[in-house]
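Residue-level structure breakdown
Chain residues, written in single-letter form:
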Amino acid sequence: MQHNPYAQVTEKMAVTAQAADFIETIRFDRIPGEAIRIGTRCLLDGLGLFVSGSDEHSVRILAEDAREQGGRPEARLLGCGDVRVPAGMAARVLGTSGHAHDWDDSQVSSDPSHMYGLLTHPTIPPLAAALAVAQKVGGGCGKDFLLGFLTGFEVECKISEWMFPQHYKRGMHSSGTVGTFGAFAAAAKIMGLAGERLRWGLGIAASLAAGIRVNFGTMTKPLHVGRAAENGVTAAILAAKGFTADPDALDGPWGFFAVHGGGVSEDKIGQGFGNTWSIVDPGVSIKPYPCGILTHPSMDLMVKLVTENDIKPETIQRITIYAASNILNPIRYPIAENHLQAKFSLPAELAMIALNRKAGKIEFSDEFVGSPAMQAMQRRIRTEHDPEIEKLGFDKIRSRIRIERIDGKSVEGTADERYRGGPDHPMTDADLEAKVRACCAGVLDDAAQGRVIQTAWSIQDLGDARGLADVIQPKTDLGEKARNA
């Protein structure tokens, strides 16, 4: 008989059963205080990102599609006044909105076999699913909501960490695939699923999980996260109705780990769920820039170089950024033509900073990226593979930049591996609030922005979690505004 490499680990693993038991039994008072503190920060960040993405063209298309389809009025449709749609549709729009700017947080891994920073965006799938389902089932206090969100966060992060890194290297987008499990766990916890229905739901989620990296730089990348949220909600609703699936769908030779990632780390699965919370250790990175985290150290370095040396854009002749393949391969657009491509273009991101000394929501717009100044500056910037950086491995995000000026002088520097926003160099609460206000600018007024911030910080005192959906809803129907423009 041919040897099956998964035959021996299947019985030992039982990850599906472990995940179901964790979802069913975890209680708020068993969550470490530090996990709650960081989770509240992630929740605030996520609410701001829902608002930020609500007027994106991709999100408006999805919202209009949901409005046209209609259905049972279970949850508010983001950016559409008091229009309500089925919870799954609402979650799809929320999830896509939260990832539309690629500004949402990143799961951190200290495992050198993982391409650092490339695990999953852990907040948006469970947060979007929790928000949609909380409205569907009605009631539920802030603590119950936070419990559901953090349950999904932990399940998503552990599955992502334990699976072999081939999952991402093969071209899967883990925020869309593994995010589905986070969304399911959050929805299931809020709905009160138990027993075999939890294992069925994980099985349903395993078959619905999808997302491939070929769509990076297009509207479909954030849709991966929207679908993860929607599919997680769908899995929970179907499982609650008795819809069956394999009760061990994460495990074995045909399970999610084997099929999607080539296997699972036996050493890591011994960690279990909720013993060491991933949100605390290794932690989570809250992004200061609305683009892929792999570029952030380089962007910080660029800001430092142009400000400390007072480099004006008209004095720049050429910029060269040196990096390894773990950055240059996924950040793949040599010239960005729109803001979606710019999120995966080092020349575009460095050009923004060369021109404006910052890179935020304004710079990541089609108008700015397509401007003559941006298009010209990008053509002065080139990327170059550095074999010496490659030899250092992929456990850190490493790069260096050289700026040559028209007067013949040059400046250069090496990026700090402790990128801003990471666990060892986190944004302050004040920085986070400033980011949320920047996210909400142009959609919510100052007073409404303050309500978002205050509601998130006081989540544990919230009597009805449905209020979270109210504070992120703009007064203006963004769909109607777009149609009349």
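Residues numbered from 1 in each chain as written. Predicted model: local features only at pLDDT ≥ 70, side-chain atom pairs only at ≥ 80, totals over all residues. Heavy atoms only, no water.

1. As for the overall build of the protein chain
The test is simple: Strands are runs of DSSP state E lasting at least two residues, helices are runs of H or I lasting at least four, and both sets are numbered from the N terminus onward. Between the two quantities, the radius of gyration covers C-alpha atoms and the globule rule is 2.2 Å times the number of residues to the power 0.38. Here the term buried applies to any residue with accessible area under 20% of the maximum for its type, exposed to any over 50%, and partly exposed to those in between, with areas from a 1.4 Å probe on protein chains only. Only heavy atoms enter the contact rule, under which two residues are in contact if any of them lie within 4.5 Å. Only the protein chains shown count as covering a residue, and every accessible area follows the Shrake-Rupley method with a 1.4 Å probe. Positive charges come from Lys and Arg alone, negative charges from Asp and Glu alone, with His and the N- and C-terminal ends not counted. Lysine's charge is taken at NZ, arginine's at CZ, aspartate's at CG and glutamate's at CD.
When helices and strands are tallied, the protein chain shows 24 helices and 8 strands. The C-alpha radius of gyration computed for the protein chain amounts to 22 Å, which stays within 12% of the reference 23 Å derived for 485 residues, consistent with globular compactness. Taking the principal axes of the C-alpha coordinates as reference, the protein chain spans close to 70 × 65 × 40 Å. The buried share among the 485 residues of the protein chain stands at 61%. A separation threshold of at least 6 residues defines the contact pool for the protein chain, and within that pool the share at least 24 residues apart is 78%. Total accessible area computed for the protein chain in this model is approximately 18,300 Å², and 50% of it derives from carbon and sulfur atoms. Between the centroid of the 52 positive side chains of the protein chain and the centroid of its 59 negative side chains there is a distance of 2 Å.

2. Some points on the confidence of the model for the protein chain
Predicted coordinates in areas of low pLDDT are best not read in detail. Definition in use: You can read pLDDT as the predictor saying how much it trusts each residue, on a scale of 0 to 100.
Of the residues in the protein chain, 95% reach a pLDDT of 70 or more, and the chain-wide mean stands at 93. Segment residues 1-11 is flagged for pLDDT under 50; beyond a separation of four residues in sequence, or across chains, it makes 10 contacts in the model.

3. A word on the layout of surface pockets
Definition in use: Cavity and pocket criteria rest on a 1 Å grid covering protein atoms alone: a 1.4 Å probe that fits but cannot get out defines a cavity, protein on both sides within 12 Å along at least 5 of 7 lines defines an open pocket, and an atom within 4 Å of a point defines a lining residue. Grid points are joined across faces, edges and corners, and a volume is the space filled by probe spheres set on the points. Throughout this entry, Asp, Glu, Lys and Arg are counted as charged residues, while Ala, Val, Leu, Ile, Met, Phe, Trp, Tyr, Cys and Pro are counted as nonpolar. The remaining residues, Gly among them, count as polar.
Put simply, the largest pocket is a space of about 750 Å³. In terms of lining, the largest pocket is formed by 30 residues, of which the most central are Gly 360, Lys 361, Ile 362, Glu 363 and Phe 364. Put simply, the parts of the chain that give the lining of the largest pocket at least two residues each are helix 4 (57-69), helix 16 (339-342), helix 18 (366-369) and helix 21 (429-440). Partitioning the lining of the largest pocket into residue classes produces 12 nonpolar, 7 polar and 11 charged.

4. Observations regarding the nonpolar core
How we decide: The criterion is simple. A nonpolar core is a set of buried Ala, Val, Leu, Ile, Met, Phe, Trp, Tyr and Cys residues joined through side-chain atoms within 4.5 Å.
Formed by 106 residues in total, the largest nonpolar core has its most connected members in Phe 50, Phe 145 and Phe 184. In terms of residue count, helix 7 (residues 142-162) provides more of this core than any other element does, 10 residues in total. If near-sequence neighbours (up to four positions away) are discounted, Phe 184 is found in contact with Ile 23, Leu 193, Arg 197, Leu 198, Gly 201, Leu 202, Ala 205, Gly 232, Ala 235 and Ala 236.

5. Concerning the pattern of salt bridges
In plain terms, the rule: We count a salt bridge whenever a side-chain nitrogen from Lys or Arg sits within 4 Å of a carboxyl oxygen from Asp or Glu.
Within the structure shown, the criterion is met by 31 salt bridges. In this structure, the salt-bridge partner of Arg 67 is Asp 477, at a minimum N-O distance of 3.0 Å. On the criterion of sequence distance, the pair formed by Arg 67 in helix 4 and Asp 477 in the loop between helix 23 (467-471) and helix 24 (478-484) is long-range, its members being 410 residues apart. Residue Arg 67 is classed as partly exposed on the basis of its relative accessible area, which comes to 24%. By relative accessible area, Asp 477 is classed as buried at 16%. Of the charged contacts in the structure, one is a salt bridge between Asp 407 and Arg 405, with a shortest N-O distance of 3.8 Å. By relative accessible area, Asp 407 is classed as partly exposed at 48%. Using a relative accessible area of 18% as the deciding quantity, one classes Arg 405 as buried. Look at the salt bridges and you will find they share partners, linking Asp 65, Arg 92, Arg 227 and Glu 230 into a network.

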